[in-house]
Amino acid sequence: MKIGCDIVEIARVQQALERTKGFPNFLTDAEQQLFQTMKGHRRAEWLAGRFAAKEAVIKAMHGIQDLTLLDVEVLKDEAGAPLCSIPGVDVSIAHERAYAIAFAIVQKCV
């Protein structure tokens, strides 16, 4: 088992959204569709969580498989919990005031 973790400051994501006119370039098409449903402050919060989750997965997969942000897709299951597209990888995302944090666990080598 391998574990990855990443933390992101939500204000930095908000600033990046303002600079790029709200178009994050590290989301897959399906993630982009989810992002478009977010409103207000939730947009930056959600995006920070997804970025942290992708980074956590990349860190957990280090030495197993080389990945880019676009190789990792984090959608949601029926209950709304984050769901990683890579088999054998589980992710968890949390938000607290100014930060989003994510953990990724590789249950088995893929």
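Structure: see above.
Residues numbered from 1 in each chain as written. Predicted model: local features only at pLDDT ≥ 70, side-chain atom pairs only at ≥ 80, totals over all residues. Heavy atoms only, no water.

*Asks:* I'd like a rundown of the sheet that holds strand β5 (residues 99–106), residues and numbers included.
*Replies:* By way of backbone hydrogen bonds, the strands of a sheet pair with one another, either parallel or antiparallel. With antiparallel pairing, the three strands of this open sheet are ordered in space as β1-β5-β4. Sheet topology places β1 (2–9) and β4 (89–96) at the edges, where each strand pairs with a single neighbour. In this sheet, neighbouring strand axes are inclined to one another by 15° on average, regardless of whether the strands run parallel or antiparallel. Both β4 and β5 contribute to a ladder of eight bridges, which runs antiparallel. Opposite Val 91, over in β5, you have Ala 104 as the bridge partner. Running at roughly 65° to β1, helix α1 (residues 10–19) makes contact with β1 and β5 of the sheet. Along the sheet, helix α3 (residues 41–60) makes contact with β1, β4 and β5, crossing β1 at roughly 150°. (Pairing = 2+ DSSP bridges. Helix = DSSP H or I, 4+ residues; strand = E, 2+ residues; numbered from the N terminus. Axes fitted to C-alpha atoms, helices over the stretch in contact; angles between N-to-C directions. Contact = heavy atoms within 4.5 Å.)

*Asks:* Just give me the short version of a nonpolar patch on the surface, but keep the residues and values in it.
*Replies:* Together, Met 1, Ile 3 and Phe 103 line one region of the surface with nonpolar side chains, adding up to about 370 Å² of accessible area. If you trace the backbone, Ile 3 turns up in strand β1. (Patch = residues over 30% accessible without salt bridge, like charges linked within 9 Å, V, L, I, M, F, W, Y side chains within 5 Å. Areas by Shrake-Rupley, 256 points an atom, 1.4 Å probe, with all protein chains shown as cover. Salt bridge = Lys/Arg side-chain N within 4 Å of Asp/Glu carboxyl O.)

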